[in-house]
Amino acid sequence: MNVEDKISEAYEKSLRWLTIRNAGIIAIPKQIENLDKLERLQLDDNPIESFDIDFSNLKNLEYLDLYNCNIKTLPPGLANLPKLKSLNLGSNLIQNCKLENLPKSLKEINLQKNNLKKIPDDLLTHLNINEIGVSDNQIETIENLLNCSKQIFILNVNNNRIV
């Protein structure tokens, strides 16, 4: 085993926080799957084109930042992250957000500056989410707020087309 392999192995066993911001990556490095101690992953401001990694291996991940990454759908495997509390998907191209793709542990989600036309019903009734950011979208109605979970403390719907 060479020195680089030893260093890589040491990181895999101990790395808790990884930031790869504004680095021009279009694919998330596959090696991230091996960082099973990782608690915080920040990949914001990268033109990510696809998710070729399995996020479900990151069992200790609590915070995932994919702000301004040009993504259109939620990354696969998020529902299998038992400790994920915060998900930042702001400034992307997301049009829909399905609950089955989100973990039950999630407390806050940022979907500001996307292409949402309505607040996803699944988000409003999620039992553990207490903060939802959907400002600066194309939301026209908030009728589904009547079904809102009592756990939600902060709901930001600024700068939409609500009539």
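In case you missed it, the structure is sitting above this.
Model, not experiment: these values are computed from the prediction.

Caption draft 1: A look at unusual backbone geometry. Even without being a glycine, Asn-22 presents a positive backbone phi close to 50°. Position of Asn-22 relative to the elements: it lies in the loop between strand S1 (17-19) and strand S2 (40-42). Of note, the phi angle at Asn-70 is positive, near 60°, even though the residue is not glycine. For Asn-70, the position within the fold is in the loop between strand S3 (63-65) and strand S4 (86-88). Overall, Asn-70 belongs to the partly exposed group, its relative accessible area being 41%.

Caption draft 2: The sheet that holds S4, seen in detail. Pairing in this open sheet of 7 strands is parallel, and the strands run S1-S2-S3-S4-S5-S6-S7 from one edge to the other. The sheet is open, and its two edges are formed by S1 and strand S7 (154-156), each paired on a single side. Across this sheet, the average inter-strand angle for adjacent strands is 5°, counted without regard to direction. By the bridge criterion, 3 bridges tie strand S5 (residues 108-110) to strand S6 (residues 131-133) in an arrangement that is parallel. By the bridge assignment, Ile-109 is partnered in S6 with Ile-132.

Caption draft 3: The side chain of Asn-88, seen in detail. Structurally, Asn-88 can be placed in strand S4. Judged by relative accessible area, Asn-88 falls into the buried class, the value being 13%. In this structure the side chain of Asn-88 is engaged in a polar contact, spanning 2.9 Å, whose partner is the side chain of Asn-110. Residues within four places of Asn-88 in sequence aside, it is in contact with Tyr-63, Leu-64, Asp-65, Leu-66, Tyr-67 and Asn-110.

Caption draft 4: Structural view of the side chain of Asn-160. Relative to the helices and strands, Asn-160 resides in the segment after S7. At 3.1 Å, the side chain of Asn-160 forms a polar contact with the backbone oxygen of Val-134. Here Gln-138 takes part through its backbone nitrogen, which lies 3.4 Å from a polar atom of the side chain of Asn-160.

Analysis parameters
Within any chain, residue numbers begin from 1 and follow the written order of that chain's sequence. Per-residue local features are limited, in this predicted model, to residues with pLDDT of at least 70; the limit for side-chain atom pairs, both in listing and counting, is 80 or more; totals at the level of whole chains, interfaces and linings are taken over all residues. Note that the side-chain values use all heavy atoms of the structure and ignore hydrogens as well as water. A run of DSSP states H or I qualifies as a helix once it reaches four residues; a run of E qualifies as a strand once it reaches two. Both are numbered from the N-terminal end. Each residue is placed in one exposure class: buried if its accessible area under a 1.4 Å probe, protein chains only, is under 20% of its type's maximum, exposed if it is over 50%, and partly exposed if it falls in between. Note on pairing: two strands pair once DSSP finds at least 2 bridges between them. Interaxial angles span 0 to 180 degrees and are taken between N-to-C directions of axes, which are lines fitted to C-alpha atoms, for helices over the stretch in contact. Here a polar contact is recorded for every N or O atom pair within 3.5 Å, except that within protein the pair must consist of a potential hydrogen donor and a potential acceptor, and residues adjacent in sequence are included only if both atoms are side-chain atoms. Only heavy atoms matter for contacts: two residues are in contact if any of them lie within 4.5 Å across the pair.

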